[in-house]
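Understanding the architecture of this molecule
Now for the letters of each chain:
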Amino acid sequence: MDQEATLVIIKPDGLKKSLTGNILTRLSEAKLKIIGAKVVKVGNDLANTHYRHLKDKPFFKELIKYISGKLHGENRVMPLVYWGQAAIGKVRRIAGATNPEEADPISIRGAYGRILTTGLYENVVHASSDPDEAEREIKLWFNPEEIVYDLYPAKEEKSNNQNRRVWQ
Ligand code: UDP
Ligand code: MG
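Heads up: these notes are all about the structure in this document. (Residues numbered from 1 in each chain as written. Chains lettered and ligands numbered in written order. Predicted model: local features only at pLDDT ≥ 70, side-chain atom pairs only at ≥ 80, totals over all residues. Heavy atoms only, no water.)

Attention now moves to the overall build of the protein chain. When you go through the protein chain residue by residue, the secondary structure sums to seven helices and nine strands. Radius of gyration (C-alpha) of the protein chain: 16 Å, near the 15 Å computed for a compact globule of 168 residues. Projecting the C-alpha coordinates of the protein chain onto the three principal axes gives extents of approximately 50 × 35 × 30 Å. Put simply, the protein chain has 168 residues, and 46% of those count as buried. In the protein chain, once contacts between residues fewer than 6 apart in sequence are set aside, the share between residues at least 24 apart is 68%. If you sum the accessible surface of the protein chain, you get close to 9,100 Å²; carbon and sulfur atoms cover 48% of it. (Helix = DSSP H or I, 4+ residues; strand = E, 2+ residues; numbered from the N terminus. Rg over C-alpha atoms; globule rule 2.2 N^0.38 Å. Buried < 20%, exposed > 50% of the residue type's maximum accessible area, 1.4 Å probe, protein only. Contact = heavy atoms within 4.5 Å. Areas by Shrake-Rupley, 256 points an atom, 1.4 Å probe, with all protein chains shown as cover.)

Structural data, given as structure tokens:
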């Protein structure tokens, strides 16, 4: 299995419940490298683009409220890029199943997630599920300069007389 990158997002409930340290400790079991990390304020556009493939699901509206912090009065999330051998599968395993009630109780979602009365799974973390999704998501949440490795082709672009790197 090749080295690969994956996106993790600590969702608003993870930040609100002060779980950042616990989550990073659990993820460190995978012995992957963090090659990008930041705190981001999530607006409607970013939320809709991130979850655009789920827009026909009955829980979509609630999901957008969730990821953009409207359920927690907390619109910060913490995206991270992890890199290494079989990173996508390793992170998904530590994150646990989507439904926190079905997730392994010692996974992140099993330990800290819950199901809201609306039915929404409030499950603390996002994790990319395959290489195509990981690439799309990493490019959406990070600029090339914010990642330590050159994961994907990028190019110079001039804006306001300044050069910056953007994804090709
Ligand atoms: N979700 C939900 N109900 C469902 C399926 C998903 O509330 O029946 C939420 C949950 O927060 C999940 C997110 O929508 O993490 C994205 O769904 P996806 O199927 O991509 O699950 P994931 O990849 O996050 O495990
Ligand atoms: Mg998914």
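The next subject is the site of ligand 1. In the vicinity of ligand 1, the residues found are Lys11, Tyr51, Leu54, Phe59, Leu63, Tyr66, Arg92, Thr98, Arg109, Leu120, Tyr121 and Asn123. Lys11 places a polar side-chain atom, nitrogen or oxygen, 3.0 Å from an oxygen atom of ligand 1. Between ligand 1 and Tyr121 there is a distance of 2.8 Å, counted from an oxygen atom to a backbone nitrogen or oxygen. In isolation ligand 1 offers 500 Å² of accessible surface; the protein chains occlude 83% of this area. (Near = heavy atom within 4 Å. Polar contact = N/O pair within 3.5 Å; in protein donor to acceptor, adjacent residues only side chain to side chain.)

Turning next to the pattern of salt bridges. In this structure the tally under the stated criterion is nine salt bridges. For the salt bridge of Lys17 with Glu122, the shortest nitrogen-to-oxygen distance reads 3.6 Å. Separated by 105 residues along the polypeptide, Lys17 in the loop between helix H1 (12-16) and helix H2 (20-28) and Glu122 in strand S6 (residues 121-122) bring together distant segments of the chain. On the basis of relative accessibility, which here comes to 38%, the residue Lys17 falls in the partly exposed class. Each of Lys17, Arg114 and Glu122 takes part in a single network of salt bridges with overlapping partners. (Salt bridge = Lys/Arg side-chain N within 4 Å of Asp/Glu carboxyl O.)

In this structure, Leu7, Tyr51, Val81, Ile138, Trp141 and Ile147 are the most contacted members of the largest nonpolar core, which totals 26 residues. Listing elements by their share of this core, those giving two or more residues are strand S1 (3-10), helix H3 (44-50), helix H4 (60-67), strand S4 (76-85) and helix H7 (131-141). Counting residues per element, this core draws most heavily on H4, at five residues. Residues within four places of Leu7 in sequence aside, it is in contact with His50, Pro79, Leu80, Val81, His126, Ala127, Ser128, Glu137, Ile138, Trp141 and Phe142. Core analysis: the next-biggest nonpolar cluster, separate from the first, contains 19 residues, Leu27, Ala30, Ile94 and Ala127 among them. (Core = buried A, V, L, I, M, F, W, Y, C linked by side-chain atoms within 4.5 Å.)

Phi angles above zero are rare outside glycine, and Ser18 is one such case at about 60°. Relative to the assigned elements, Ser18 resides in the loop between H1 and H2. Positive phi, close to 50°, is recorded for Asn160, a residue that is not glycine. Its place among the elements puts Asn160 in the loop between strand S8 (154-159) and strand S9 (162-167).

This structure, assessed with the given rule, holds two aromatic pairs. Their ring planes at 85° and their centres at 4.9 Å tell us that Trp83 and Tyr149 sit as a pair that is edge-to-face. Residue Trp83 is located in strand S4, and its partner Tyr149 is located in the loop between H7 and S8; the two are separated by 66 residues in the primary sequence. Seen in terms of ring centroids, Tyr152 and Trp167 are 5.7 Å apart; in terms of plane orientation they differ by 65°. Their pairing is edge-to-face. A residue pair is termed long-range when its members are at least 10 positions apart, and Tyr152 in the loop between H7 and S8 and Trp167 in strand S9 qualify at 15 residues. Judged by relative accessible area, Tyr152 falls into the buried class, the value being 14%. Stacked on the ring of Phe142, the Lys or Arg Lys38 has its end atom at 4.7 Å from the ring centre. (Phe/Tyr/Trp six-rings, centres within 6.5 Å; stacked < 30°, edge-to-face > 60°. Lys NZ or Arg CZ within 6 Å of the ring centre and 35° of its normal.)

Let us look at helix H5 (residues 87-95). If you check which residues of H5 are buried, you get Ala87, Ile88, Val91, Ile94 and Ala95. Looking down the long axis of H5, one finds its buried residues gathered within 140° of arc, a one-sided arrangement. Note on H5: the residue one or two positions beyond its end, Gly96, has a positive phi of about 95°. (Arc of directions from axis to C-beta.)

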